[in-house]
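The lines below spell out each chain.
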Amino acid sequence: MSNHMTTDRLFGQKLNLSQISGLLAAVLVLLTGLLISLLTWSHLQDQLSLRLQQDAQRQLQRLTVAIAPSLLQQDRVSISVTLQEWVRGPELDAIRVLNNNQQVIAESGRAGANSVEISQPVTQDDVAIGVLRADLNLQPARQTAGRYLALGMIATAFCALLAGLAVLTLAERYLGYVRQLQQRLQHWQQDTSALLELPASPALGELQELHQTLSALARQQHQQQAIQQALARFSAGGAPAASARLQYHDCAMLFIEIEDLDSLQASLSAEELTDNLNRYYRLLTQAAKLYNGKLDRYIGNGAVMLFGMSGNHSSEERNHHALHCLYAAQLFLGLIRNCRPEPQTPCIRFRLAAHWGPVLLAPLSADNHATHCDLIGDTLHWAAHLAHHSQNQELLVSATLHAEIQPQQDLHWQNGPDLTDLHGRPQQNYWLQQLPEKQQSLISRQIRHITAMTATSE
């Protein structure tokens, strides 16, 4: 029962393409070899049979010369003695001498079952005096041709086996790449976060073109994932305390948007873009650290720097946090102007906007005793909208943040564009023109210090 089930399972499986190719090659070689062997056997048998007939005919011709005088005198005794003493070839089973009346005068040997009869007339002075008839045995010719046929069939079977194995091995060599590729693609389809890993490049030209196309797709996916990781590192900040809960916080926020990110992704490789974003991320981190800001993540082409996230604030504290938001923005813009990238690397431009309002912290997951949060709220979307309408190397400040800052003589503003908020109401915005001289001098020293530190580390 077990053997029967194993046999059914073995023969019930479908043959793969390489096995079908090997089997087809073996069958074609076998049929071709059989056809050639049969044609050769038939031709060889005809040639050997013809040669035996010719040899037998020459023997009969010589015998007619020896018995012609005796046959003319009808001397049966002499004819019988001549036949008995005549050494006939192995192909002649029997010889009979007949007169003109077709009567047997003498004979020698016994006819075989499968012999062929041949005849030779006996003449004297061009006058027919009798006939010699012989039984020709063609079995030696058939045996010789049969041996060659057997050798041809053995050679054909051997060549068919070699051809089948060669085609099977060659097909497995190339189709193995296809099977490995299918497994890699299935794994890649099941695990969307994994990179597409291709098997070794095949030697077949058509498969090499397919491999090159898939390699280009794999490189593109790798670059996209590297860019996403770079953006995540750029826009990811420190995690809030583990005790953070779902609640709103009034704070000042600085939204930093990367300008023309799609063009940068098209013109820079993933490694180049990652290096550039990491360089600017370090500058943002320095600006946030100096002014008690918190660099947090944001889904999009930018990052958010938050000021004053801890509890309720008095008017003076709110003014303090709002000014720190402006100072950090000016510090970051100054660092961008002074920390230029290499000449062959395109400069990344940023749009900055400052705003004040409530932000909802939504905890996402815990990792190493730290809680990762996401920022939610219309305030954040309005800050992103302001940054999108800002200009390179400029800071656009919302009316809400402007109202939180106490009037100062050395703080200069310029009216900015009127934008419609999320509720359809027009909102006045301001361009920051100049900070107080004392604060501007402090920021300049900070820029020189950070620039020197960056140059030394590089």
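Quick look at the structure, then. (Residues numbered from 1 in each chain as written. Predicted model: local features only at pLDDT ≥ 70, side-chain atom pairs only at ≥ 80, totals over all residues. Heavy atoms only, no water.)

1. With respect to the packing of helix α2 (residues 17–72) against helix α3 (residues 76–85)
So the rule is basically this: To define axes, lines are fitted to C-alpha atoms, for helices over the stretch in contact only, and angles between the resulting N-to-C directions are given on a 0 to 180 degree scale. Strands here mean DSSP runs of E at least two residues long; helices mean DSSP runs of H or I at least four residues long; both are numbered from the N terminus. An angle below 35 degrees is read as roughly parallel, one above 145 as roughly antiparallel, one from 65 to 115 as roughly perpendicular, and any other as oblique. Crossings are assigned a handedness: left-handed for a near helix turned anticlockwise from the far helix by less than a right angle, right-handed for a clockwise turn. Any two residues whose heavy atoms approach within 4.5 Å are treated as being in contact.
Packing of α2 against α3 leaves a shortest axis separation of 8 Å and a crossing angle of 160 degrees. The orientation of α2 with respect to α3, classified from their angle, is roughly antiparallel. Two packed elements cross with a definite hand, and for α2 against α3 that hand is right-handed. Here Leu63, Ala66, Ile67, Ser70 and Leu71 of α2 lie close against α3, whose contacting residues are Ser78, Ile79, Thr82 and Leu83.

2. What to know about a nonpolar patch on the surface
Applied cut-off: To count toward a patch, a residue needs a relative accessible area above 30% and no salt bridge. Like charges then connect within 9 Å, nonpolar side chains (Val, Leu, Ile, Met, Phe, Trp, Tyr) within 5 Å. Residue-level accessible areas treat just the shown protein chains as cover; the underlying method is Shrake-Rupley with a 1.4 Å probe. The working definition used for a salt bridge is a side-chain nitrogen of Lys or Arg within 4 Å of a carboxyl oxygen of Asp or Glu. When accessible area is computed with a 1.4 Å probe and restricted to protein chains, residues below 20% of their type maximum are described as buried, those above 50% as exposed, and intermediate ones as partly exposed.
Residues Leu15, Ile20, Leu23, Val27 and Leu31 make up a contiguous nonpolar surface patch of roughly 440 Å² in combined accessible area. Structurally, the position occupied by leucine 23 is in helix α2. Residue leucine 23 is classed as partly exposed on the basis of its relative accessible area, which comes to 48%.

3. Describing helix α7 (residues 270–290)
What counts, and what does not: Helices are assigned an expected span. That span is 1.5 Å times one less than the residue count.
Given a rise of 1.5 Å per residue, 21 residues ought to cover 30 Å, and the 30 Å separating the end C-alpha atoms of α7 matches this to within 8%. The complete set of buried residues in α7 reads Ala270, Leu273, Thr274, Asn276, Leu277, Asn278, Arg279, Tyr280, Leu283, Leu284, Ala287 and Ala288. Just past α7, the residue asparagine 292 takes up positive phi, approximately 55 degrees.

4. So, the layout of surface pockets
Quick reminder of the rule: A cavity, in this analysis, means grid points on a 1 Å lattice covering only the protein atoms where a 1.4 Å probe fits yet has no way out; a pocket is instead an open set bounded by protein on both sides within 12 Å along at least five of seven lines, and a residue lines either one if it has an atom within 4 Å of a point. Grid points are joined across faces, edges and corners, and a volume is the space filled by probe spheres set on the points.
Space inside the largest pocket adds up to approximately 240 Å³. Lining the largest pocket are 17 residues; nearest its centre among them are His355, Thr379, Trp382, Thr400 and Asp421. Only β8 (350–367), α9 (378–388) and α10 (399–404) provide two or more residues apiece to the lining of the largest pocket. Sorting elements by how many residues they give to the lining of the largest pocket places β8 first, with four residues.

5. Some points on the packing of aromatic side chains
Selection criterion: In this analysis, rings of Phe, Tyr and Trp, with Trp reduced to its six-membered ring, are considered paired at centre separations within 6.5 Å, and the interplanar angle assigns stacked below 30 degrees, edge-to-face beyond 60, and tilted for intermediate values.
Under the definition given, this model contains four aromatic pairs. For the ring pair tyrosine 280 and phenylalanine 350, a centre distance of 5.0 Å and an interplane angle of 70 degrees mean the geometry is edge-to-face. Taken as a pair, tyrosine 280 in helix α7 and phenylalanine 350 in strand β8 lie far apart in primary sequence, 70 residues in all. Note on accessibility: tyrosine 280 and phenylalanine 350 belong to one class, buried. Relative to phenylalanine 350, the ring of phenylalanine 332 has its centre 5.4 Å away and its plane inclined at 75 degrees; by these criteria the two rings are edge-to-face. One end of the pair, phenylalanine 332, is in helix α8 (residues 315–338); the other, phenylalanine 350, is in strand β8, with 18 residues separating them in the sequence.

6. Concerning the pairing of strand β10 (residues 395–398)
Just so we agree on the cut-off: Each pair of strands is called paired provided DSSP finds at least two bridges between the two strands.
Here β10 shows a buried face lined by Leu395 and Val397 and a second buried face lined by Leu396 and Ser398. Where β10 meets strand β14 (residues 429–434), three bridges bridge the pair, whose relative direction is antiparallel. Following the sheet pairing, valine 397 is matched in β14 by tyrosine 430.

7. Focus: the environment of leucine 39
Assignment of secondary structure puts leucine 39 in helix α2. As for leucine 39 and leucine 149, which are separated by 110 residues in sequence, their C-alpha atoms are 9.4 Å apart.

8. A closer look at the environment of leucine 60
Of note, leucine 60 is situated in helix α2. For the pair leucine 60 and arginine 88, spaced 28 residues apart in sequence, the C-alpha separation works out to 9.2 Å. When neighbours within four sequence positions are excluded, leucine 60 is seen to be in contact with Ile95, Ile118, Gln120, Leu132 and Ala134.

9. Side note on the sheet that holds strand β2 (residues 104–109)
The sheet built from four strands is open, its strands ordered β2-β1-β4-β3 with antiparallel pairing. Sheet topology places β2 and β3 (116–124) at the edges, where each strand pairs with a single neighbour. When strand polarity is set aside, the average angle formed by the axes of neighbouring strands in this sheet is 20 degrees. Most of the contacts of α2 go to β3, to which it runs at about 40 degrees, and overall it touches β1 (92–98), β2, β3 and β4 (127–136). Relative to β2, α3 is tilted by about 15 degrees, and along the sheet it contacts β1 and β2.

10. Description of the side chain of serine 108
Along the chain, serine 108 falls in strand β2. Taking the relative accessible area as the measure of exposure, serine 108 reaches 7% and is therefore buried.

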